[in-house]
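# Architecture at a glance
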Amino acid sequence: MTPTSTTGTSAAGTSAADTAASAAANLPMTKALNAGLRQAMLNDPKVILMGEDIGPLGGVFRVTEGLIKEFGDKRVLDTPLAESGIIGTAIGLAMRGFRPVCEIQFDGFVFPGFDQITSQLARMRNRHEGGLIMPVVIRIPYGGHIGSIEHHQESPEAYFAHTPGLRVVSPSNPHDAYWMMQQAIASNDPVIFFEPKSRYWPKGEVVYAESGIDLHASRVVRVGSDVTVVGHGAMVSVLLQAAEIAATEGISLEVIDLRSISPIDFGPILASVEKTGRLVVAQEAAGFVSVGSEIAATVAERAYYSLEAPVLRVSGFDTPFPPAAVETHFLPSPDRVLEAVDRVLAY
Amino acid sequence: MPATRNEAIVPEVAPPSPSVTATRTSVAPSADGPTVRLLSPSGAFAPSAAAEEYLPYLDRLTEADHRRFYRDMVVVRTFDIEAANLQRQGQLALWVPSHGQEAAQVGSAYATRPQDHVFPSYREHVVGMIRGLDVVDILRMLRGVTLGGWKPEEHGNFHLYTLVLAAQTLHSTGYAMGMTLDGSTGTGNPETDQAVIVYYGDGASSQGDANEALVFASSYQTPQVFFMQNNHWAISVPVSRQSRSPLYLRASGFGMPGVQVDGNDVLASFAVTAKAMDDARAGHGPSLIEALTYRVGAHTTADDPTKYRDPAELAYWVARDPIERFRAYLKGRGVEQEFLDSVDEEAKDFASDTRRRALEIVGPDTSVIFDNVYAEPHPLVAEQKAWLGRYEASFEGGQK
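Everything quoted here is computed from the prediction, not taken from an experiment. Residue indices begin from 1 for each chain and proceed along its sequence in written order. Here every chain gets a letter starting at A, and every ligand a number starting at 1, in the order they are written. For this predicted model, a pLDDT threshold of at least 70 governs which residues receive local features, and a threshold of 80 or more governs which side-chain atom pairs are given and counted, while totals over whole chains, interfaces and linings are taken from all residues.

With that settled, consider the overall build of chain A. Helix and strand assignments come from DSSP, with helices taken as H or I runs of at least 4 residues and strands as E runs of at least 2, each series counted from the N terminus. Within chain A, the secondary structure is distributed over 13 helices and 14 strands. Radius of gyration: C-alpha atoms only; globule rule: 2.2 Å multiplied by the number of residues to the exponent 0.38. For 347 residues, the compact-globule estimate of 2.2 N^0.38 gives 20 Å, and chain A sits close to it at 20 Å. The C-alpha extent of chain A, read off along each of the three principal axes, is 60 × 45 × 40 Å. With C-beta atoms placed from the backbone, a residue is buried if 20 or more other C-beta atoms are within 10 Å of its own, exposed if 12 or fewer are, and partly exposed between those counts. Split into buried and exposed, the 347 residues of chain A put 57% on the buried side. What counts as a contact here is a pair of residues whose C-beta atoms, placed from the backbone, lie within 7 Å. Pairs at least 24 apart in sequence give 77% of the contacts found in chain A among residues at least 6 apart.

See below:
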């Protein structure tokens, strides 16, 4: 137990006890993120949190629960309801030497802050000819599968991946969430941190001793030999389910968790495609001009002679995210992934 | 009062319609108007009623300060004209004139202290000069050899120009929040307490960011002055399209003091800003100043104001020129003609020296494309930098 922890009942207190007392814990991603934020705040007094409802409420997803009680309202800032204001003032705070972590309440609410992210935050170091750093993290809960209303289930990661100056990452499990949050906060570049809402609650093991992997590394999470399947965030669990089903049919899928959307670590992807000769990329976002498109293009450029079939994308449709009643028809499912697997195997 | 387009915005100094110009140009500020003014348009010391509480701030100014105010206004105007010439001759991509706004800028800049931070928009050339910036650094940006131009920490904490209107208001508010969080302000020591001044304009006042900055500033009680130069035109759109009520009144809606000052009066501009910055450093929170002035020239060298402005309006404001006004005031104080002449000479020398140095600006090499996009290694950018190097080296002579 650290000296600053006063209670064992809050989420922060529990994770503090876990951090000190055990080498690992079984946590949902929300609590893993909470523990990662808390550890970063303990490590560096310049780390501050900003956002709407992140104080006494702990955020609408409770990711910041208990942190204002432990660190006070000078480190956890409940802000006015204005996304451009949150990000624009975070830029000023970063100029002053702070390391702000901004919470955007839902994916669809980031756009009022889009100009400050793309025209200011992403370019500030470049405009200053290297004279300053912009260590700002913007946390964005994203993606579907939670049955919510409009603007609450979006996957806008491609907008940010398209913007030079930003780094974009998305964890798929609690262990990565805990460590990637700390790594993102420690980065001297701005990081857009996409948190897959539908993976907020399933528990997973968090190993406190070490991350075991770089923030921007992709990772093979299931070894296979017939088809490579790549995804990020919530899609990784869909790919793993598809691989389980495929195995019963005698088809071996190699599953890669992208983890970082910008930059993309192509090494493991290319190595896998050289082995399997077939690639399917899956994402919740619309497929047109998407992260999956970038992977398909790069693999075509760099692994052309290894490919036995065209690279296929399994995506959300090129439509607005639909009413929740039909979201399961919109979102890539294990069956939709397997349909694409069948097609690449038909070549 | 005659019903004119701008009446609601600038009740005391509004340009009248041409038919009433003759009867209005000699009218002194009304005794009970809201505008803080110390000098009449003809340069007489004639404080308005609203100026009463600011009179003590004039005691801070020495004779040398008065001369410095005049010198800086004359020098920047001469430089401004020379820079516009450089643009016309193809030596700058663009020029952004400050002609007519010298008093608002010089007066407010001299109200800052060395420990303060200044966030300009993109027209505050003389503010930069006063904070220690070499104006050639501004020209470097407008000549297209850099996106920035200087290191703020080495030039009086004068931050970079921001070309997306009002974006800098939020940066300045965040910076001021940081001053509060790290305990650098409001301690009661005016020698070390810090504050922020941010410049923006009547056009930018309509931006969401300007309004969000005022909300955040008020919520967190930042040590900050919002210095809005109402120069009456946002390129071709008059201030009446930005606001139906005087802009300084917006401050009360955000819960902070707001004051309207005659921005063509350098002494009044200094006095109101000195009070506002003192209050900010002392921990009394943010405030807003609306400085009434006029963009005598074009918005930029890409603009043609003759297409949308009434010549009578321009004449009205030229008659209230900030430099002429202050020169008349100084003469009334007994400043000798030799000094005024020497300033003109100095300004000419400054402008020609700046021209020579502008033409000597050296462009960057192609590494500027890639360096400093990220602080930490980035494989894609590194790969593309290496590729461009190989590609261009493949041409005869090693350079495309």
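UniProt positions are given in the numbering used here, feature names are shortened, and annotations may be inferred rather than shown by experiment. When the UniProt feature table is mapped onto this chain, "domain: Transketolase-like pyrimidine-binding" (unreviewed entry) is found at residues 27–202 of chain A. Helix makes up 36% of residues 27–202 of chain A and strand makes up 17%, while its end C-alpha atoms are separated by 8 Å.

Our focus in this paragraph is the sheet that holds strand E7 (residues 287–292) of chain B. Residue and element names in this part refer to chain B. Any two strands with at least two DSSP bridges between them are considered paired. Spatial ordering of the open sheet is given by E1-E2-E3-E7-E6, a layout of 5 strands whose pairing is parallel. This sheet does not close on itself; its edge strands, each paired only once, are strand E1 (117–119) and strand E6 (258–262). Strand-to-strand, the axes of this sheet are offset by a mean angle of 20 degrees, without reference to chain direction. Of the strand pairs in this sheet, E1 and strand E2 (residues 196–201) are connected by 3 bridges, and their pairing is parallel. When the sheet's bridge partners are listed, His 117 is paired in E2 with Val 196. Where helices are involved, their axes are fitted lines through C-alpha atoms of the stretch in contact, as for all axes, and angles between N-to-C directions lie from 0 to 180°. Relative to the sheet, helix H6 (residues 167–181) contacts E1, E2 and strand E3 (224–230), its axis offset from that of E2 by approximately 170 degrees.

Opposite the 32 residues of chain A that make contact, chain B presents 31 residues. Secondary structure elements with two or more residues in the side of chain A that touches chain B: helix H4 (83–95), helix H5 (114–121) and helix H6 (124–127) of chain A. Broken down by element, the side of chain A that touches chain B gets its largest block of residues, 9 residues, from H4 of chain A. Counted by class, the side of chain A that touches chain B contains 10 nonpolar, 15 polar and 7 charged residues. For this scheme, ten residues count as nonpolar: Ala, Val, Leu, Ile, Met, Phe, Trp, Tyr, Cys and Pro. Four count as charged, namely Asp, Glu, Lys and Arg, and the remainder, Gly too, count as polar.

A few words now on the pairing of strand E10 (residues 227–231) of chain A. All names here are of chain A. Buried residues dominate E10, accounting for 5 of its 5 residues. Across the two faces of E10 the burial is the same, with Val 227, Val 229 and Gly 231 and Thr 228 and Val 230 all buried. Here E10 pairs with strand E11 (residues 253–257) via 5 bridges, running parallel. Residue pairing across strands places Val 229 opposite Val 255, the latter belonging to E11.

Let's shift gears to the nonpolar core. Most often, soluble globular proteins have nonpolar side chains that are buried together. A set of buried Ala, Val, Leu, Ile, Met, Phe, Trp, Tyr and Cys residues, joined to one another through C-beta atoms within 7 Å, is what we call a nonpolar core. Among the nonpolar cores identified, the biggest contains 192 residues, and Val 280 and Val 337 of chain A together with Ile 289 of chain B are the most heavily contacted of them. When residues in this core are grouped by element, the largest group, 10 residues, is from helix H10 (residues 266–281) of chain B. Discounting residues that sit within four places of it in the chain, Val 280 of chain A has contacts with Val 227, Val 229, Leu 312, Val 314, Val 337, Ala 340, Val 341 and Val 344 of chain A.

Attention now goes to helix H11 (residues 311–318) of chain B. All names here are of chain B. Residues Glu 313, Tyr 316 and Trp 317 constitute the buried set of H11. Viewed end-on, H11 has its buried residues packed into an arc of 90 degrees, placing them on one side of the element. What points out from H11, more than 90 degrees from its buried face, is the exposed set Pro 311 and Val 318. By definition, the arc is the one covered by directions from the helix axis to the C-beta atoms.

Mapped onto this numbering, the UniProt entry annotates "domain: Dehydrogenase E1 component" (unreviewed entry) at residues 71–353 of chain B. With 45% helix and 11% strand, residues 71–353 of chain B has end C-alpha atoms that lie 16 Å from one another.

With their axes 6 Å apart at the nearest point, H4 of chain A and H6 of chain B run at an angle of 55 degrees to one another. As summarised for this structure, H4 of chain A and H6 of chain B are arranged oblique, according to the angle between their axes. Helix-helix and strand crossings are classified by hand; for H4 of chain A and H6 of chain B the assignment is right-handed. Of the residues in H6 of chain B, those in contact with Ser 84, Gly 85, Gly 88, Thr 89, Ala 90, Ile 91, Gly 92, Leu 93 and Met 95 of chain A of H4 of chain A are Ala 167, Leu 170, His 171, Ser 172, Thr 173, Gly 174, Tyr 175, Met 177 and Gly 178 of chain B. Of the residues that constitute the contact of H4 of chain A with H6 of chain B, the class distribution is 8 nonpolar, 10 polar and no charged. Just so you know how the angles are binned, under 35 degrees is roughly parallel, over 145 roughly antiparallel, 65 to 115 roughly perpendicular, and the rest oblique. Left-handed describes a crossing whose near helix is turned anticlockwise from the far helix through less than a right angle; right-handed describes the clockwise counterpart.

Quick look at the domain arrangement of chain A now. All names here are of chain A. Domain start and stop points were drawn from an automatic or database domain assignment. Parsing chain A into structural domains produces domain 1 (11–207) and domain 2 (219–345). Contacts between the two partners involve 23 residues from domain 1, matched on the other side by 21 residues from domain 2. Of all the secondary-structure elements, those providing two or more residues to the side of domain 1 that touches domain 2 are helix H7 (157–161), strand E6 (167–169) and strand E7 (191–196). Its residues placed into classes, the side of domain 1 that touches domain 2 shows 8 nonpolar, 10 polar and 5 charged.

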